[in-house]
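Here's the letter readout for the chains.
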Amino acid sequence: GADDVFILQTTGTLMQSASTKVLLAGGAQAKNIFWQVTGRVLVGKTAVMQGILLVKTDVVFEASSSLTGRVLAQTFCALKMATITQP
C-alpha cells in the first residue's frame, strides 16, 4: 500500500541498464523505497530510477536518466544531464 516501506540491500555495484524503468505498483511510493548499496550505483542513459539511494561510494546518472527520490552518497554524485525530482 501507500504506507508500505521497502528496503533493498545489495553488496557491490548496482547497475541499471540504459532505457529501463523501475516501476512501482500497488500504491508504492518512491519516498518509501530505500536502496542500500555498499558499492556504487550506475544509472544508464535514459533510465528511470525511483527511491532513496543510500550509497557507500558514488552514484553516476548517465545522460537523460532520471530519479524520483533522493541520493545520499559518501563520496559524490555525478549528474550527466540527468534529472532528480523530490518524491
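Structural data are supplied above this passage.
All of the points below concern the structure found in this document. (Residues numbered from 1 in each chain as written. Predicted model: local features only at pLDDT ≥ 70, side-chain atom pairs only at ≥ 80, totals over all residues. Heavy atoms only, no water.)

1. Topic: the sheet that holds strand β1 (residues 6-10)
To be explicit about the condition: Strand pairing is defined by DSSP finding a minimum of two bridges between the two strands. Per the convention used, a helix needs a DSSP run of H or I reaching at least four residues, while a strand needs a run of E reaching at least two, with both numbered from the N terminus. Here an axis means a line fitted to C-alpha atoms, over the contact stretch when the element is a helix, while the angle between two N-to-C directions is reported on a 0 to 180 degree scale.
Spatially, the 5 strands line up as an open sheet ordered β1-β3-β5-β7-β9, and their pairing is parallel. The sheet is open, and its two borders are formed by β1 and β9 (83-85), each paired with just one other strand. Between one strand axis and the next, the sheet turns through 40 degrees on average, direction left out of account. Strand direction decides the pairing type here: strand β5 (residues 48-55) and strand β7 (residues 66-73), joined by 8 bridges, are parallel. Residue pairing in the sheet places leucine 53 in a bridge with valine 71 of β7.

2. A few points about the sheet that holds strand β6 (residues 58-61)
Read across the sheet, 4 strands follow the order β2-β4-β6-β8 without closing on themselves; strand pairing throughout is parallel. Looking at which strands have only one partner, the edges of the open sheet turn out to be β2 (14-16) and β8 (76-79). Across this sheet, the average inter-strand angle for adjacent strands is 5 degrees, counted without regard to direction. Two elements, strand β4 (residues 41-43) and β6, share 3 bridges in a ladder whose sense is parallel. The partner of valine 43 across the bridge, within β6, is phenylalanine 61.

3. Quick word on the pattern of salt bridges
Where we set the bar: By definition here, a salt bridge exists when the distance from a side-chain nitrogen of Lys or Arg to a carboxyl oxygen of Asp or Glu is within 4 Å. Residue exposure (1.4 Å probe, protein chains only): buried if accessible area is under 20% of the type maximum, exposed if over 50%, otherwise partly exposed.
Scanning the entire structure with this criterion turns up 2 salt bridges. Its salt-bridge partner being glutamate 62, residue lysine 80 comes within 3.6 Å of it at the nearest N-O pair. Placement of lysine 80 in the loop between β8 and β9 and of glutamate 62 in the loop between β6 and β7 is noted, with a sequence separation of 18 residues between them. Residue classification places lysine 80 among the partly exposed positions, given a relative accessible area of 42%.

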